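Here's the letter readout for the chains.
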Amino acid sequence: MFKKPFHVKPRTPLKSSACRRLVQESRDTFPAAWVSVDLKSLGIGESKSDDTTEREATEDGGGDIEDGKDRTSEVAPHMPMPSRLQMAKFVSHIGEKGEIFYDDVGTPVWFKAEIHGDVKTPVLLFPTVYTLWKFPETLPIIWTSSYAIEKLINGADLMIPGLIVPPGGMPDLKRGDIVAVSCPGSPNAQAVGVLTFDTKDVHSVAGAKGKAVLIAHTYKDHLWESGSKEKITEITGEHTTGADDMPGEQPVAESNNHEDTERGEQGDEVTTEEMDALLMVALKQVMATVLDSEHASGLLPLNASTLYSNYMVPNAPRGIALDIKR
């Protein structure tokens, strides 16, 4: 949606009543984003802070003037949906229309839009990556490889063959749900979009075709560029991590050759024989957790490139970058 420059009208401040409606909509649609805020309001974990004062101000009337003081001026810096926003209408390069909501410092924090993909979606409320970095629990995460992330940043949708399915299967999500996309090893979401299929009981994507997530917004797109341009630690194709970087994953099997593992972590040269041994470790881990008796029939047959990039690379011993060309 924002992979190319988009036309945007001047920003205008939203009325307090409109801000309150957005706060309530975000609470109803993304309740997980507000858990920490609500815990603070109950005095759990921290004493009452300005965050709580802000939430109470929003619920009790937001912009009402009480005792001569405009309570909307007390905007807390750590709210998923700020109670004071600016809005600008936009039209994407392919005609998608929507609204962008900015915080006090001009960072795009949310936007509303419909996606023109294989199926046109209704107008939906999306958090931007800036909001997801501050409130990572806002959306469920769909995992993919760092190679696929690079494609998404360049404007592609996430395809089903590019999914990384945890050994326990994917989370129970429905077609049309809004999801974040990330890769193992990255602490930050790098894209947000709309899921195209139900994920319940999905343990394999072998042989599946089509789009998995219609991407609405990514790190480094033009919406991101309209903000502070905050950068994150990027996971490149040369960096791989074990499956234990994914929440809920089983621990990655450690190499039997501890000398090899330590050598890889220190960045020393790995010989061809040592790399062969590491590749075998990764393959055995895949066979034990992914190609086991319960799921193998749904995965096989599996071509070599898919086996290597989607399964062996994420299951390498932690700190080791596999290189099949060695």
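The structure under discussion appears in the preceding block.
Structure report, in brief. Since this is a predicted model, take the numbers as computed values, not measurements.

1. Let's talk about the overall build of the chain
Of regular secondary structure, the chain possesses 10 helices and 13 strands. Relative to all contacts within the chain whose residues are 6 or more apart in sequence, the contacts with residues 24 or more apart total 62%. Accessible surface, the chain: about 16200 Å² in total, of which carbon and sulfur atoms supply 51%.

2. A few points about the pattern of salt bridges
Under the definition given, this model contains 3 salt bridges. The residue arginine 84 makes a salt bridge to aspartate 104 at a minimum N-O spacing of 2.6 Å. A residue pair is termed long-range when its members are at least 10 positions apart, and arginine 84 in the loop between β4 (69-70) and β5 (86-91) and aspartate 104 in the loop between β6 (97-102) and β7 (108-113) qualify at 20 residues. You can call arginine 84 partly exposed: its relative accessible area is 33%. When the shortest N-O distance is used, the salt bridge between lysine 211 and aspartate 157 registers 3.0 Å. Residue lysine 211 is located in strand β13 (residues 211-218), and its partner aspartate 157 is located in the loop between α5 (146-153) and β10 (158-159); the two are separated by 54 residues in the primary sequence.

3. A closer look at the pairing of β5
Side-chain direction in a regular strand flips from residue to residue, so the side chains alternate between the two faces of the sheet. For strand β1 (residues 7-8) and β5, the ladder comprises 2 bridges, and the chain directions are antiparallel. Its bridge partner being in β5, valine 8 is matched across the sheet by phenylalanine 90. Sheet analysis places strand β2 (residues 12-13) next to β5, joined by 2 bridges and oriented antiparallel. Within β5, the position partnered with threonine 12 by the bridge is methionine 87. Of the strand pairs in this sheet, β5 and β6 are connected by 6 bridges, and their pairing is antiparallel. The partner of alanine 88 across the bridge, within β6, is isoleucine 100. Counting the residues that bridge the hairpin from β5 to β6 gives 5 residues, and of these glycine 95 lies at a positive phi of roughly 95 degrees.

4. Details of the sheet that holds strand β11 (residues 178-182)
Read from one edge of the open sheet, 5 strands run β9-β11-β12-β13-β10, paired in mixed fashion. Looking along the sheet, the strands with just one partner apiece sit at the ends: β9 (141-143) and β10. Summarising the sheet, strand β12 (residues 191-195) and β13 pair through 5 bridges and their orientation is antiparallel. Following the sheet pairing, leucine 195 is matched in β13 by valine 213.

5. Some remarks on the pairing of β6
Here β6 runs beside β7; their pairing, made up of 5 bridges, is antiparallel. Counterpart to glycine 98 in the pairing with β7 is alanine 113. Hairpin remark: β6 followed by β7, antiparallel, with 5 residues in the connecting loop; positive phi at glycine 106, about 90 degrees.

6. Brief notes about unusual backbone geometry
The phi dihedral of lysine 220 is positive, around 75 degrees, even though this residue is not glycine. Tracing the backbone shows lysine 220 in the loop between β13 and α6 (222-225).

7. A word on the side chain of threonine 107
Residue placement: threonine 107 occurs in the loop between β6 and β7. Residue class for threonine 107 comes out buried when judged on its relative accessible area of 10%. For threonine 107, the contacting residues outside a window of four places in its chain are Phe101, Tyr102, Tyr130, Gly227 and Ser228.

8. Some details on the packing of aromatic side chains
For any pair of aromatic rings, the description consists of the separation of the ring centres together with the inter-plane angle of the planes. Counted according to the given criterion, the structure contains 9 aromatic pairs. Between phenylalanine 6 and phenylalanine 90, the ring centres sit 5.9 Å apart and the planes meet at 75 degrees, which makes this aromatic pair edge-to-face. One end of the pair, phenylalanine 6, is in the segment before β1; the other, phenylalanine 90, is in strand β5, with 84 residues separating them in the sequence. The same class applies to phenylalanine 6 and to phenylalanine 90, which are both buried. On the numbers, 5.7 Å between centres and 70 degrees between planes, the contact of tryptophan 133 with tyrosine 219 is edge-to-face. Residue tryptophan 133 is found in helix α4 (residues 129-134), and its partner tyrosine 219 is found in the loop between β13 and α6; the two are separated by 86 residues along the sequence. Across the pair, exposure class does not vary: tryptophan 133 and tyrosine 219 are buried alike. For arginine 11, the ring lying beneath its charged end belongs to tyrosine 102, and the centroid distance is 3.8 Å.

Cut-offs and rules
- Residue numbers here run from 1 along each chain, matching the order of that chain's written sequence.
- Side-chain atom pairs in this predicted model are given and counted only at pLDDT of 80 or more, local residue features only at pLDDT of at least 70, and totals for whole chains, interfaces and linings cover all residues.
- Computation of side-chain values: all heavy atoms of the structure, hydrogens and water removed.
- Labels follow the DSSP assignment, with helices taken as runs of H or I lasting at least four residues and strands as runs of E lasting at least two, numbered in each case from the N terminus.
- Contacts are assigned to residue pairs with any non-hydrogen atoms lying within 4.5 Å of each other.
- Computed with a 1.4 Å probe, the accessible areas rest on the Shrake-Rupley method; for each residue, only the protein chains presented here act as cover.
- The salt bridge criterion pairs a side-chain nitrogen of Lys or Arg with a carboxyl oxygen of Asp or Glu, the two atoms within 4 Å.
- A simple rule labels every residue: compare its accessible area, found with a 1.4 Å probe on the protein chains alone, to the largest value its type can have, and call it buried under 20%, exposed over 50%, or partly exposed in between.
- Between any two strands, pairing holds if DSSP finds at least two bridges.
- Classification of ring pairs uses Phe, Tyr and Trp, with its six-membered ring standing for Trp, and accepts pairs whose centres are within 6.5 Å; under 30 degrees between planes counts as stacked, over 60 as edge-to-face, and the remaining range as tilted.
- The rule for a charge over a ring is simple: NZ of Lys or CZ of Arg within 6 Å of the ring centre, and within 35 degrees of the ring normal.

The quantities given are spatial measurements derived from coordinates; they are silent on function.
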